[in-house]
Amino acid sequence: MKTIIIPAIDLMDGKCVRLTQGDYGQKKEYSADPLDMARQYEDIGITRLHVVDLDGAKAKRPCNLAVLERIASGTGLDIEWGGGVKDAAALRSVLDAGAGRIICGSVAVDNREEFTSWLAEFGPSRIILGADVRDGKVATHGWLKDSGLSLADLMGWYVPCGLSQMICTDISKDGMLQGPDFDFYVGLKESWPSVDVTLSGGISCFADVVRAAELGLHSVIVGKAIYEGRITLKEMESWLLNA
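Reference entry: report on the structure contained in this document. (Residues numbered from 1 in each chain as written. Predicted model: local features only at pLDDT ≥ 70, side-chain atom pairs only at ≥ 80, totals over all residues. Heavy atoms only, no water.)

### Thoughts on helix α4 (residues 88-97)
Residues of α4 that are buried: A88, A90, L91, V94, L95 and A97. Buried residues belonging to α4 abut α3 (65-74), β5 (78-82), β6 (101-104), α6 (112-122) and β7 (127-134). Among the residues of α4, the N-terminal cap falls to D87, whose side-chain oxygen and the backbone nitrogen of A89 are separated by 3.2 Å. Positive phi appears at G98, one or two residues downstream of α4, with a value of about 125 degrees. (Buried < 20%, exposed > 50% of the residue type's maximum accessible area, 1.4 Å probe, protein only. Helix = DSSP H or I, 4+ residues; strand = E, 2+ residues; numbered from the N terminus. Contact = heavy atoms within 4.5 Å. Polar contact = N/O pair within 3.5 Å; in protein donor to acceptor, adjacent residues only side chain to side chain.)

In structure tokens, the structure reads:
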């Protein structure tokens, strides 16, 4: 199977934005309507969408559920949602709004018992560990707080509990359009072969997607490179048609 391309939509105030290295002060707003963007992706054969509620990450509760409902009802995409899911009530509200998968970052660091119970209750097919890494340590709360924990710490806790999906974002590369640290992601794949690792951060052009596929990486998230025209819908469509 070819590497899965997962386009990203980051939301603030219901609009598509992109941050640089997770810095809320380095925000760029795009004119595209989130539902219109999602439909464009679906039209070329994309099946999975990565949606991040940046307001929710700061507010510690989902803030853009109305946008999620619009995308879920207006497309057939498999939506993975991150941002603001701190308790079971928030998790259920996101699932009820139409997400198929939930990305959990801060809660996995701060509340090991809660995250473990979610894996058991909702199943590893719906629960994704979101690990945002800066200088070897996992950052939480919208990348505003460094936890002091390493990725190995989290994997050591949750792989034995059935964890099967992880999105790992290299914060130093995110939004920089300079290319990912492929050696880092290959190392993750080799260290935890039972976990589907999604590369997030730094995809700068379609050659990066091709390289990820050559290295056998499961999936890649592509965000700013699409908005900035470095990766085109036509390139992605051609890739998908030949998958």
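So much for the structure itself; the text now carries on.
### A look at the packing of helix α9 (residues 206-214) against helix α11 (residues 233-241)
Their axes nearest at 11 Å, the elements α9 and α11 cross at an angle of 25 degrees. If you check the angle between α9 and α11, you find them roughly parallel. Seen along the crossing, α9 lies across α11 with a hand that is right-handed. Each of F206, V209, V210 and A213 in α9 lies in contact with α11, whose residues at this interface are E235, M236 and W239. For the contact of α9 with α11, a count of residues per class yields 6 nonpolar, no polar and 1 charged. (Axes fitted to C-alpha atoms, helices over the stretch in contact; angles between N-to-C directions. Parallel < 35°, antiparallel > 145°, perpendicular 65-115°, else oblique. Left-handed = near helix turned anticlockwise from the far one by under 90°. Nonpolar A, V, L, I, M, F, W, Y, C, P; charged D, E, K, R; others polar.)

### Some remarks on the pairing of β7
Summarising burial for β7: 7 of the 8 residues are buried, a large majority. Of the strand pairs in this sheet, β6 and β7 are connected by 3 bridges, and their pairing is parallel. Following the sheet pairing, I103 is matched in β7 by I128. Taken together, the 5 bridges between β7 and strand β10 (residues 165-170) define a ladder with parallel strand orientation. Bridging across to β10, D132 finds its partner in T169. Here β7 pairs with strand β8 (residues 137-140) via 3 bridges, running antiparallel. Looking at the pairing, R134 lines up with K137 of β8. Linking β7 to β8, which pair antiparallel, is a turn of 2 residues; within it D135 sits at a positive phi near 55 degrees. (Pairing = 2+ DSSP bridges.)

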